[in-house]
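# Structure assessment
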Amino acid sequence: MFILGTSLANQVHATWQTYIMIIIYFIILLIIGYYGYKQSTGNLSEFMLGGRSIGPYVTALSAGASDMSGWMIMGLPGSVYSTGLSAMWITISLSLGAYINYFVVAPRLRIYTEIAGDAITLPDFFKNRLNDRKNYIKIISGLIIVVFFTLYTHSGFVSGGKLFESAFGLNYHWGLIIVAAIVIFYTFFGGYLAVSITDFFQGVIMLIAMIMVPIVALIKLNGLDTFSEVAAMKPTNMDLFKGTTFLGIISLFAWGLGYFGQPHTIVRFMSIKSHKLLPKARRLGISWMVIGLLGAVALGLTGIAFIPQYHIKMEDPETLFIIMSQILFHPLVGGFLLAAILAAIMSTISSQLLVTSISLTEDFYKLIRGEAKAKTHEKEFVMIGRLSVLLVAIIAIWIAWSPNDTILNLVGNAWAGFGAAFSPLVIFSLYWKGLSHAGALSGMITGALVVIVWIAWVKPLASVNEIFGMYEIIPGFLASVIVTYLVSKITKKPGEFVEHDLNKVKEIVKE
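Residues numbered from 1 in each chain as written. Predicted model: local features only at pLDDT ≥ 70, side-chain atom pairs only at ≥ 80, totals over all residues. Heavy atoms only, no water.

In this section: the overall build of the protein. When you go through the protein residue by residue, the secondary structure sums to 20 helices and zero strands. By the compact-globule yardstick of 24 Å for 511 residues, the protein fits well, its C-alpha radius of gyration being 22 Å. Dimensions of the protein along its principal axes, counting C-alpha atoms only, are 75 × 55 × 45 Å. Taking all 511 residues of the protein together, the buried fraction comes to 59%. In the protein, the proportion of contacts linking residues at least 24 apart, taken out of those at least 6 apart, comes to 84%. (Helix = DSSP H or I, 4+ residues; strand = E, 2+ residues; numbered from the N terminus. Rg over C-alpha atoms; globule rule 2.2 N^0.38 Å. Buried < 20%, exposed > 50% of the residue type's maximum accessible area, 1.4 Å probe, protein only. Contact = heavy atoms within 4.5 Å.)

Here it is, written out as structure tokens:
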């Protein structure tokens, strides 16, 4: 995906040391997958939620690693490299969104999902919270998860294919298959515990990488004076406001709205041992996130000076980390840094595969087979969960076979879909006793549809008027909030709402 000057071409080719580091990394993942298989896959709850026994530090880093994905290492630096410091608004938004999420959603969701019939999926929680006897909410929310996560997962596979094509000279499709095979293996066998542990391990690698590369790049260039040089190259490079518009800033800032409804992130809150451990998780998780995102921004800015100084012709800005890591470091270290990209990619893919398979099993197959059989046919349901991992992966690979968009755009579309469909509903479910079954269902569908319509038919009109180019989560989120509230008010029935559970959750949180 990038072309190097003749003098540097041989320096970027992967060496045997690089391959050794990647192989060691793969072996560690497979070992963790086997450990998860032996420790926590005896029943559906263990396979899908780790038996609600995950500690605060694994919770924190697994939430961060599964959330950040390949876009933090490839997509975000590429965006900063292309547009300048104004791309940093997305990091501010995400950091604030994640921080607020730990206070607003995490404790109540952990408590309420257990009170509400020990729900292990978001659709299951919505069903129990709203006494959805006909399973309409469960089915629709399950469909939204399956559709958007399949698209989200395919963005991870695209990242993996790009990595192997750029760093190893391997065919894009072979890179895609290699990444998919490893992720499928440890997710298929190890379930939620394996995914959480690998995410923790991968989160550590990602953090080290995002600190090392920009610091070494600055040392190789002109230290902190490099940023002055970057500003001199183009004034907008180091200006937080220039190079974008007010609507552009609002669009980037709106990413934070999506945090309250991302199933692969908030499921971490549901699996922690106790809500009392969430403050520890928050401190580590937010620190990890802020440092990692700032590192990605610094990488993009230093890359603006690095690429011309080393006479590199780069066609794809999203390969910036790959180029810099392989030129700046010894092949062994370079192999470790390539493993960081794989860590970012795989952590998200595995979480998305697992959440999607959980939804297919818990929200669809269990309804077909009958919920009563889940307790007497545990092995059958666990096997269906595993087969669902395989099915979703195959579909995502098929979609990723011919990529036609940037990683950041692919992630952004799926993020907006979940944020608009689920974020308002999660907040209403946890805080508002007036939420009705009809309000929840209509608001959720409205949010998802507005996002799809905006992407497909409204955004192409951005050349006519800038407002049509706003991030699709904004109209989707607002429409969902309005529809949920108004329909709930209209359809409220006497005796439909029970305050007991909400009050109980509130009391437990205060303890």
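From this point, the discussion proceeds with the structure in view.
Working definition: an aromatic ring pair is given by the centre-to-centre distance plus the angle between the planes. Under the counting rule described, the total for this entry stands at 18 aromatic pairs. Aromatic ring contacts, followed pair by pair, group Y112, F125, F126, F148, F149, F418 and F422 into a single cluster. (Phe/Tyr/Trp six-rings, centres within 6.5 Å; stacked < 30°, edge-to-face > 60°.)

Here the focus is a nonpolar patch on the surface. Residues L96, Y99, I100, F103 and F253 make up a contiguous nonpolar surface patch of roughly 450 Å² in combined accessible area. Per-element accounting of the nonpolar patch gives the leading share, four residues, to helix 5 (residues 89-104). Mapped onto the secondary structure, F253 falls in helix 11 (residues 246-253). (Patch = residues over 30% accessible without salt bridge, like charges linked within 9 Å, V, L, I, M, F, W, Y side chains within 5 Å. Areas by Shrake-Rupley, 256 points an atom, 1.4 Å probe, with all protein chains shown as cover. Salt bridge = Lys/Arg side-chain N within 4 Å of Asp/Glu carboxyl O.)

One non-glycine residue, N135, adopts positive backbone phi at about 65°. As for its position among the elements, N135 is in the loop between helix 7 (122-129) and helix 8 (136-168). A positive phi angle is found at H311, which is not glycine, with a value near 55°. By the secondary structure assignment, H311 is in the loop between helix 13 (278-309) and helix 14 (320-328). Taking relative accessible area as the criterion, H311 reaches 61% and is therefore assigned exposed.

Below, the discussion takes up the nonpolar core. Grouped together as the largest cluster of nonpolar side chains are 154 residues, with contacts concentrated most on M68, L94, F157 and M346. In terms of residues, this core owes the most to one element, helix 9 (residues 172-220), which gives 19 residues. Setting aside chain neighbours within four positions, we find M68 in contact with L94, M206, Y259, W288, M289, L293 and T348. (Core = buried A, V, L, I, M, F, W, Y, C linked by side-chain atoms within 4.5 Å.)

For the pair helix 13 and helix 14, interaxial distance at closest approach is 11 Å and the crossing angle is 65°. Accordingly, the angle class assigned to the pair helix 13 and helix 14 is roughly perpendicular. When you trace helix 13 past helix 14, the crossing you get is left-handed. When helix 13 is examined against helix 14, the residues L299, G300, T302, G303, F306 and I307 are found in contact with a partner set consisting of L320, F321, I323, M324, I327 and L328. (Axes fitted to C-alpha atoms, helices over the stretch in contact; angles between N-to-C directions. Parallel < 35°, antiparallel > 145°, perpendicular 65-115°, else oblique. Left-handed = near helix turned anticlockwise from the far one by under 90°.)

Within the secondary structure, F468 sits in the loop between helix 18 (437-458) and helix 19 (473-491). A residue is classified by how much of its surface remains accessible, and F468, at 27% relative accessible area, is partly exposed. Spatially, the C-alpha atom of F468 lies 17 Å from that of G447, the residues being 21 residues apart in sequence.

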